[in-house]
Amino acid sequence: MNKIFVGLLFGLILGAIDGATAWFTPEVRPMITGIMVGSSVKGMVVGLLCGWFARKVQSTMLGVVVGAALGLLFAYLVAAMPSANGHHYYLEIMLPGFVVGAIVGFLTQRMGTPLGRTTEDMKRAG
Amino acid sequence: MDLSDPVLDRLRQVATIPDLGQTRYVLEKEIGRGAMGIVYAAHDRDLDRPVALKVLDSTFAAEAQLIARLEHPAVVPIYETGVLPDGRCFYAMKLIAGTRLDKYAAGPASLTERLRVLRRVAEVLAFAHRCEVIHRDLKPQNIMVGEFGQVYVMDWGIAAVQGTADFRAPEPSLDWRSDIYSLGVLMGFLLSESSSPALRAIVTKAISTDPAARYPDAAAFLKDIDHFEEGRAVEAWSEPLWYGLQRFGSRNAILLWLLAAYAGVKFLLFFLRTL
């Protein structure tokens, strides 16, 4: 499985789960669908970039760091967007976004086929 | 006239010294005795390089032909074969500078390094078996670890060789599964008593007295070593649940820490909101 696909897949799943935890915040519960969709899209963008990075650089540590940085950046962009009640949930969005980015970065390093190598190539190389 | 034992020994020694007068080699010293002959350090006058020269006890040159079939980085390459005036065959090969595995094992090498050596031996066995060659006498004395970590398997056996007692499989006729047995004994030799139960299970499976219960080939043996090194379950051992969980935990420690961090962040935010 291609690393970019791994990033997209786990970004989507973890983003959706992260968005779903908004259910525990009663004041945003009515907007849960929009939050989940937005969080999934954010997760997929972070996953795409992490997957691209993992194809270029094979280092678990760097993957986690880059994933966390991308997660933080995109979570900031989402948190800074204008909201209906005028309140910005920086901490509530950026802190989990940071950790989810790190997880996606880790998974893209550990799973999927690196650039220029097929699964068959890897089997042959042992 | 009675000849004393030292005199007889000296005479025997002189009688076995090969006459290399008609070859391009100059004899330097004896460096070892194999199952089928004596190995000398020699110097190649034409190419001005050191070589190892194996002089076979018989006129049987099949060993050289056998090794020449095995072109592999872990098989010492043969440069030339020939016949001495006394009819004995010899072959010249690369002179390896390094440590014999029995001496290497007595040193401070780490488990990772020992497994790397074992893996190289298993790889060359897998290759040889694919070429329909079996070693027959795999033991630490026949393995050299070079100064840069290269591993060489020597003394590839011919039909006349029936192995060394401690490393020989119990079955009367040797085949590729007998090499798997010797590989298992070799692994046990390289590991300490306190090794992981998974590694001990690999040894136990490889040295099973029933050849059919051993690994079917060297590749399967290598696969289990790979699984162990990657923190995965090995085929040779039905591990208890606690051990599997422990293995999963150590293999996925970073992921588990990240998931715990995520859960921690969520709980922190939840309690901050309720304050």
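Residues numbered from 1 in each chain as written. Chains lettered and ligands numbered in written order. Predicted model: local features only at pLDDT ≥ 70, side-chain atom pairs only at ≥ 80, totals over all residues.

## Comments concerning unusual backbone geometry
Residues and elements named next belong to chain B. The line we're drawing: Strands here are runs of E lasting at least two residues and helices are runs of H or I lasting at least four, both read from the DSSP assignment and numbered beginning at the N terminus. A residue is called partly exposed when the number of other C-beta atoms within 10 Å of its own lies between 12 and 20, exposed at 12 or fewer, and buried at 20 or more, with C-beta atoms placed from the backbone.
One non-glycine residue, D48, lies in the positive phi region at around 50 degrees. One can find D48 in the loop between β2 (37-44) and β3 (49-56). C-beta crowding within 10 Å serves as the criterion here: with 7 such atoms nearby, D48 is assigned to the exposed category.

## Thoughts on the environment of R247(B)
Tracing the chain through its elements places R247(B) in helix α8 (residues 241-251). The exposure class assigned to R247(B) is partly exposed, which follows from the 18 C-beta atoms found within 10 Å.

## Overview of the nonpolar core
Definition in use: By our criterion, buried Ala, Val, Leu, Ile, Met, Phe, Trp, Tyr and Cys residues that link up through C-beta atoms within 7 Å make up a nonpolar core. Start and end points for every domain follow an automatic or database-based domain assignment. Whether two residues are in contact depends on their C-beta atoms, placed from the backbone: they are in contact if these lie within 7 Å.
Core analysis: the biggest nonpolar cluster contains 61 residues, and L53(B), V121(B), L183(B), L186(B) and A206(B) have the highest contact counts within it. Take this core: its biggest share by element is eight residues, from helix α4 (residues 111-130) of chain B. For this core, the domains that each give at least three residues are domain 1 (5-94) and domain 2 (98-239) of chain B. Excluding its chain neighbours within four sequence positions, the residues that come into contact with L53(B) are Y25(B), Y40(B), A42(B), F90(B) and A92(B). Residues V6(A), V46(A), C50(A) and L70(A) belong to the second largest nonpolar core, which totals 30 residues.

## As for the interface of chain A and chain B
What counts, and what does not: Here the nonpolar group is Ala, Val, Leu, Ile, Met, Phe, Trp, Tyr, Cys and Pro; Asp, Glu, Lys and Arg are the charged ones; every other residue, Gly included, is treated as polar.
Contact residues are listed per partner, giving 14 residues for chain A and 10 residues for chain B. For the side of chain A that touches chain B, the elements supplying multiple residues, two or more each, are α3 (60-80) and α4 (90-110) of chain A. For the side of chain A that touches chain B, the element with the highest residue contribution is α4(A), accounting for nine residues. Looking at the side of chain A that touches chain B residue by residue, the classes come out as 10 nonpolar, three polar and one charged.

## Remarks on the sheet that holds strand β6 (residues 98-100) of chain B
Residue and element names in this part refer to chain B. Heads up, the condition is: One requirement defines pairing of two strands: DSSP has to find at least two bridges between them. Between N-to-C directions, angles cover 0 to 180 degrees, with each direction set by a line fitted to C-alpha atoms, over the stretch in contact for helices.
One open sheet accounts for three strands, arranged β6-β7-β8; its pairing is antiparallel. Across the chains shown, the open sheet's two edge strands, defined by having one partner strand only, are β6 and β8 (151-153). Recorded for the sheet is a direction-independent mean angle of 25 degrees between the axes of neighbouring strands. In terms of strand pairing, strand β7 (residues 143-146) meets β8 through three bridges, oriented antiparallel.

## Quick word on the pairing of β7(B)
All names here are of chain B. Here β6 runs beside β7; their pairing, made up of three bridges, is antiparallel. The residue of β7 that forms the bridge with G98 is G146. Between β7 and the antiparallel strand that follows it, β8, lie four residues; G149 among them carries a positive phi value of about 90 degrees.

## So, the packing of helix α6 (residues 197-206) of chain B against helix α7 (residues 218-229) of chain B
All names here are of chain B. We apply this condition: By the definition adopted for this analysis, an angle is roughly parallel if under 35 degrees, roughly antiparallel if over 145, roughly perpendicular if from 65 to 115, and oblique otherwise.
Here α6 crosses α7 at 175 degrees, and the two axes come no closer than 10 Å. Judged by the inter-axis angle, α6 sits roughly antiparallel to α7. Taken together, the residues of α7 that come into contact with α6 (itself represented by A198, L199, I202 and A206) are F221, D224, I225 and F228. Among the residues making up the contact of α6 with α7, the classes are represented as seven nonpolar, no polar and one charged.

## Concerning the packing of α4(B) against α7(B)
Packed helix pairs are characterised by how far apart their axes lie and by the angle those axes make with each other. All names here are of chain B. Where we set the bar: Two helices crossing with the near one rotated counterclockwise from the far one by less than a right angle form a left-handed crossing, whereas a clockwise rotation gives a right-handed crossing.
Where α4 contacts α7, the axes come no closer than 8 Å and their chain directions differ by 155 degrees. Comparing their axes, α7 and α4 come out roughly antiparallel. Considering only the axes of α4 and α7, their crossing is left-handed. Residues L115, L118, R119, A122, E123, L125, A126 and H129 of α4 pack against A218, A219, F221, L222, I225 and E229 of α7.

## Considering helix α1 (residues 3-20) of chain A
Three- or four-residue spacings in an α-helix give side chains the same orientation, since the helix completes a turn every 3.6 residues. Residues and elements named next belong to chain A. Our working rule: An expected span of 1.5 Å times one less than the residue number is assigned to each helix.
Helix length check: α1, at 18 residues, gives a terminal C-alpha distance of 25 Å against a target of 26 Å (1.5 Å per residue), a fit within 8%. Taken residue by residue, α1 has K3, I4, V6, G7, L8, L9, F10, G11, L14, G15, D18 and G19 as its buried positions. Buried-residue contacts for α1 involve α2 (32-56) and α4.

## Details of the sheet that holds β2(B)
Residues and elements named next belong to chain B. Here we have five strands laid out as an open sheet, ordered β1-β2-β3-β5-β4, and antiparallel in their pairing. In this open sheet, the two edge strands, each paired with only one partner strand, are β1 (25-33) and β4 (78-83). Here the average twist between neighbouring strands, direction ignored, is 25 degrees.

## Side note on α4(B)
Residue and element names in this part refer to chain B. Taking 1.5 Å per residue as the helical rise, α4 with its 20 residues ought to reach 28 Å, and the 28 Å between its terminal C-alpha atoms agrees with that figure. Those residues of α4 not exposed but buried are R114, L115, V117, L118, V121, A122, V124, L125 and A128. Positive phi appears at E132, one or two residues downstream of α4, with a value of about 60 degrees.

## Some thoughts on the environment of Q150(B)
Relative to the elements of secondary structure, Q150(B) occurs in the loop between β7 and β8. Along the sequence, Q150(B) and A165(B) sit 15 residues apart, while their C-alpha atoms lie 27 Å from each other.

## A short note on the pairing of β3(B)
Residue and element names in this part refer to chain B. Most of β3 is tucked away: six of the eight residues are buried. Bridge analysis of β2 against β3 gives eight bridges, and the strand direction is antiparallel. Opposite G37, over in β3, you have L56 as the bridge partner. Hairpin remark: β2 followed by β3, antiparallel, with four residues in the connecting loop; positive phi at D48, about 50 degrees.

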